[in-house]
Amino acid sequence: MAEKTLALIWRNYLDVGYRKLIYTKTNSVCSVEELVAAIGGRPRVVAVLLGATDHTIRKRHLREIGSAPEEQFARSRRAALRLEKEAAEWVVGVSTDARTVVSIAEELIELMGWR
Amino acid sequence: MSTGSEKQSGETTEPAGGDASAALVLVDGSNVAHSSEGEQPELANIVAVCDKLREEGYEPVVVVDAALRHQIDDRVGYERMVDATEVLFIGGRSGVGKSSVAFEMSRRLATARSRHAVTEGGNLDMAYPRRGSTAWRRRLWR
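Chemist: Looking at this structure, I do not really get the overall build of chain B. What am I missing?
Modeler: Across its full length, chain B carries six helices and four strands. Helices and strands appear in chain B in the N-to-C order β-α-α-β-α-α-β-α-β-α. Taking all contacts inside chain B whose residues are at least 6 apart in sequence as the whole, residues at least 24 apart take part in 55%.

As structure tokens, this is what we get:
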């Protein structure tokens, strides 16, 4: 479902001349092939896995506090372990502990060469 | 048709076949596209040659004449190859700051007048029941 929708969205962007896409999703780094297939063509692909310790996550507090914050935290924790294990080895790991959003954003723009 | 991007640290690896140290090979794309029978030049020919070269460890750079754009059988595919796309996937546990980083990147790129798009994958299939799930298969929703 997500891939089909992504294909439509990206097609619309492509048609009017966009060529750079930033795609965020928890497990995106584990399903790059499917996502690239949805995007089509032969894009240059970079995947980044953002990481943070449980301590950091707790401190920041989950912004999307819903009906069960503890459950959300547990899910986030499980996801972290799974992503670490399942992400392809060429995925770039970036720790966000003790870093600002600005500096991480700058690093990623640099990484893409999108200056 | 190369991406023409000259940076590339060792970290920006492609999922398959990408090798910064690979020898470049110039491919006469127009000629290759016309190499099959029939009137119309075929994009598939170019793709096949490039695939083969990559398989052999080369990095193809395809050069074509301007007319090919109007003659090629698969125009959409052609346009995509001419102006190659670049994708950054940002993954990570919830709360790690994927969206915040993407928004900040977007702001900076906009300031630099760099055309780009941001898509939040989490919203693309935020629905109940999820397609293919048990609830979906058993038609449990109302």
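From this point, the discussion proceeds with the structure in view.
Chemist: For this particular structure, what's the right way to read the pairing of strand 2 (residues 44-51) of chain A?
Modeler: When a strand is regular, its side chains alternate between the sheet's two faces. Across the eight residues of strand 2 of chain A, six count as buried, placing the element largely inside the fold. Alignment of strand 2 of chain A against strand 3 (residues 86-92) of chain B, held across seven bridges, turns out to be parallel. Counted as the bridge partner of V48(A) is I90(B) from strand 3 of chain B.

Chemist: When you look at the interface of chain B and chain A in this model, what are you seeing that I'm missing?
Modeler: Interfaces are often described in size by the accessible area the parts lose on coming together. With 47 residues of chain B at the contact, the number on the chain A side is 59 residues. Of all the elements in the fold, those that place two or more residues in the side of chain B that touches chain A are helix 4 (75-82), strand 3, helix 5 (98-111) and strand 4 (117-120) of chain B. Examining the composition of the side of chain B that touches chain A, we find that ten residues originate from one element, helix 5 of chain B, more than from any other. Direction of pairing for strand 1 (residues 20-24) of chain A relative to strand 4 of chain B: parallel, over a ladder of four bridges. Paired with I22(A) across the strands is V118(B), a residue of strand 4 of chain B.

Chemist: Where do I start with the confidence of the model for chain B in this structure?
Modeler: Residues and elements named next belong to chain B. A residue-level look at chain B finds 84% of positions with pLDDT of 70 or above and a mean pLDDT of 82. Segment residues 1-19 is flagged for pLDDT under 50; beyond a separation of four residues in sequence, or across chains, it makes 27 contacts in the model. Interface confidence for the predicted complex, given as ipTM, is 0.94, next to a pTM of 0.69.

Chemist: Any chance you could explain the nonpolar core here in plain terms?
Modeler: In summary, soluble globular proteins display a tendency toward joint burial of nonpolar side chains. Core analysis: the largest hydrophobic core is formed by 40 residues, its most contacted members being V29(A), V48(A), L108(A), L88(B) and F89(B). At the level of elements, helix 1 (2-15), strand 1, helix 2 (32-39), strand 2, helix 4 (69-86) and helix 5 (101-112) of chain A together with strand 3 and helix 5 of chain B are the ones that each hand at least two residues to this core. When residues in this core are grouped by element, the largest group, six residues, is from strand 2 of chain A. The residues touching V48(A), leaving out its near neighbours within four places in the chain, are V91(A), V92(A), V94(A), L108(A), L88(B), F89(B) and I90(B).

Chemist: Help me out: how do you make sense of helix 2 (residues 43-55) of chain B in this one?
Modeler: All names here are of chain B. Between the first and last C-alpha of helix 2 there are 18 Å, a value that for 13 residues agrees with the 18 Å anticipated at 1.5 Å per step. Every buried residue belonging to helix 2 is among L43, I46, C50 and L53, and all of these are buried. Projection of helix 2 onto a plane perpendicular to its axis shows the buried side chains occupying an angular sector of 95°, all on one side. Opposite the buried face of helix 2, at more than 90 degrees from it, the exposed residues are A44, D51, K52 and E55. Of the residues trailing helix 2, G57 is marked for its positive phi of about 95°.

Chemist: Would you mind showing me how to read the packing of helix 1 of chain A against helix 2 of chain A here?
Modeler: The description of two packed helices rests on the angle between their axes and on the distance between the axes. Residue and element names in this part refer to chain A. Across the interface, helix 1 lies against helix 2 with an axial gap of 8 Å and an inter-helix angle of 40°. Taken together, the axes of helix 1 and helix 2 are oblique relative to one another. Like other packed secondary-structure pairs, helix 1 and helix 2 cross with a definite hand, here right-handed. Counting all contacts with helix 1, which are made through E3, L6, A7 and W10, the residues of helix 2 involved are E34, L35, A38 and I39.

Chemist: Is there a simple way to explain unusual backbone geometry in this structure?
Modeler: Comment: phi is negative for the bulk of residues other than glycine, and the bulk of peptide bonds are trans. Residues and elements named next belong to chain B. The residue after Y128, namely P129, is reached through a cis peptide bond having omega -5°. Locating P129 in the fold gives a position in the loop between strand 4 and helix 6 (134-137). Even without a glycine there, the phi angle at R113 is positive, about 55°. Within the secondary structure, R113 sits in the loop between helix 5 and strand 4. According to the C-beta neighbour criterion, R113 is exposed, with 6 such atoms within 10 Å.

The rules behind the values
Residues numbered from 1 in each chain as written. Chains lettered and ligands numbered in written order. Predicted model: local features only at pLDDT ≥ 70, side-chain atom pairs only at ≥ 80, totals over all residues. Helix = DSSP H or I, 4+ residues; strand = E, 2+ residues; numbered from the N terminus. Contact = placed C-beta atoms within 7 Å. Buried ≥ 20, exposed ≤ 12 C-beta atoms within 10 Å, placed from the backbone. Pairing = 2+ DSSP bridges. pLDDT = per-residue confidence, 0-100. Core = buried A, V, L, I, M, F, W, Y, C linked by C-beta atoms within 7 Å. Expected span 1.5 Å × (residues − 1). Arc of directions from axis to C-beta. Axes fitted to C-alpha atoms, helices over the stretch in contact; angles between N-to-C directions. Parallel < 35°, antiparallel > 145°, perpendicular 65-115°, else oblique. Left-handed = near helix turned anticlockwise from the far one by under 90°.

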